[in-house]
Amino acid sequence: ILNVEQSPQSLHVQEGDSTNFTCSFPSSNFYALHWYRWETAKSPEALFVMTLNGDEKKKGRISATLNTKEGYSYLYIKGSQPEDSATYLCASYYSNYQLIWGAGTKLIIKP
Amino acid sequence: KAGVTQTPRYLIKTRGQQVTLSCSPISGHRSVSWYQQTPGQGLQFLFEYFSETQRNKGNFPGRFSGRQFSNSRSEMNVSTLELGDSALYLCASSLDRGGSEAFFGQGTRLTVV
């Protein structure tokens, strides 16, 4: 059974601080890694889709890296703002068409 | 471009009844996936349809079923409802089966009483 692990489960960060969290996934038959942001009372929204080892993607203050050989991805948030408070989900897609979701990292920004 | 549309948004049903939820994907998207979210839980994958075929199924009982039509619209059916089926049901569509990002609908909030 494929399992995607996200750590930490939750995180409290002071406004203005930078933070990062991890998504670990099985690397066999890997095809793509997705990151989503899920704000309370809204639907998940895609942040990044990455496929290649060494990929780095950036959107504003948020960036992500991918290591397909060792099976992990990092999400970085620089200078956290209250609007960054959300649950960040990663999902790993495999060549057998399975998209496996992690349980998410809940990020709370303290003003 | 219209987003993913789920209907109805809210639903209250009685134990033992059945329910059908609908999802209209973004135009051109052929993959539709369904998820259940309960309080304190993440996204629990139900099933995924691509070109009218169920290609993946999560670990849910047979009371949960779905289908996809030729226009890519999808329905999800839950029979013999139980109290534990109360949840937010989300559907997501994408261009293909996983290489591209998923776009989520607003969800259907199902309450079983």
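It should be emphasised that the depicted structure is a prediction, and the values quoted were computed from it without experimental measurement.

## Focus on the overall build of chain B
Then step 1. Of the regular secondary structure elements, chain B holds zero helices and 11 strands.
Then step 2. Relative to the 2.2 N^0.38 estimate, which gives 13 Å for 113 residues, the radius of gyration of chain B is 13 Å and therefore close to what a compact globule would have.
Then step 3. For chain B, the spread of C-alpha atoms along the principal axes amounts to about 35 × 25 × 25 Å.
Then step 4. For chain B, restricting intrachain contacts to residue pairs at least 6 apart in sequence, the fraction spanning at least 24 positions comes to 54%.
Then step 5. If you sum the accessible surface of chain B, you get close to 5300 Å²; carbon and sulfur atoms cover 46% of it.

## What about the side chain of B:Ser22?
Residues and elements named next belong to chain B.
Then step 1. Considering the arrangement of structural elements, one finds serine 22 in strand 3 (residues 19-24).
Then step 2. For serine 22, the side chain forms a polar contact with the side chain of arginine 73, separated by 2.9 Å.
Then step 3. Aside from chain neighbours lying at most four places away, what touches serine 22 is Thr5, Gln6, Thr7, Trp34, Arg73, Ser74 and Glu75.

## Digging into unusual backbone geometry
Trans is the prevailing form of peptide bonds, just as negative phi is the prevailing case for residues other than glycine.
Then step 1. Of note, the bond from A:Ser7 into A:Pro8 is cis; its omega dihedral lies within 30 degrees of zero at -5°.
Then step 2. The residue A:Pro8 is located in the loop between strand 1 (5-7) and strand 2 (10-14) in this model.
Then step 3. B:Pro8 follows B:Thr7 through a cis peptide bond whose omega is -10°.
Then step 4. Relative to the helices and strands, B:Pro8 resides in the loop between strand 1 (5-7) and strand 2 (10-13).
Then step 5. Despite not being glycine, B:Glu52 has its phi angle at roughly 70°, a positive value.
Then step 6. One non-glycine residue with positive phi stands out, namely B:Thr80, at about 45°.

## A look at the sheet that holds strand 1 of chain B
Residues and elements named next belong to chain B.
Then step 1. Reading across from one edge, 1-3-8-7 is the order of the four strands in this open sheet, with antiparallel pairing throughout. The open sheet has two edge strands with one neighbour each: strand 1 and strand 7 (64-68). Neighbour to neighbour, the strand axes of the sheet diverge by 15° on average, direction disregarded.
Then step 2. Bridge analysis of strand 7 against strand 8 (residues 74-78) gives five bridges, and the strand direction is antiparallel. Bridging across to strand 8, glutamine 68 finds its partner in serine 74.

Conventions used here
Residues numbered from 1 in each chain as written. Chains lettered and ligands numbered in written order. Predicted model: local features only at pLDDT ≥ 70, side-chain atom pairs only at ≥ 80, totals over all residues. Heavy atoms only, no water. Helix = DSSP H or I, 4+ residues; strand = E, 2+ residues; numbered from the N terminus. Rg over C-alpha atoms; globule rule 2.2 N^0.38 Å. Contact = heavy atoms within 4.5 Å. Areas by Shrake-Rupley, 256 points an atom, 1.4 Å probe, with all protein chains shown as cover. Polar contact = N/O pair within 3.5 Å; in protein donor to acceptor, adjacent residues only side chain to side chain. Pairing = 2+ DSSP bridges. Axes fitted to C-alpha atoms, helices over the stretch in contact; angles between N-to-C directions.

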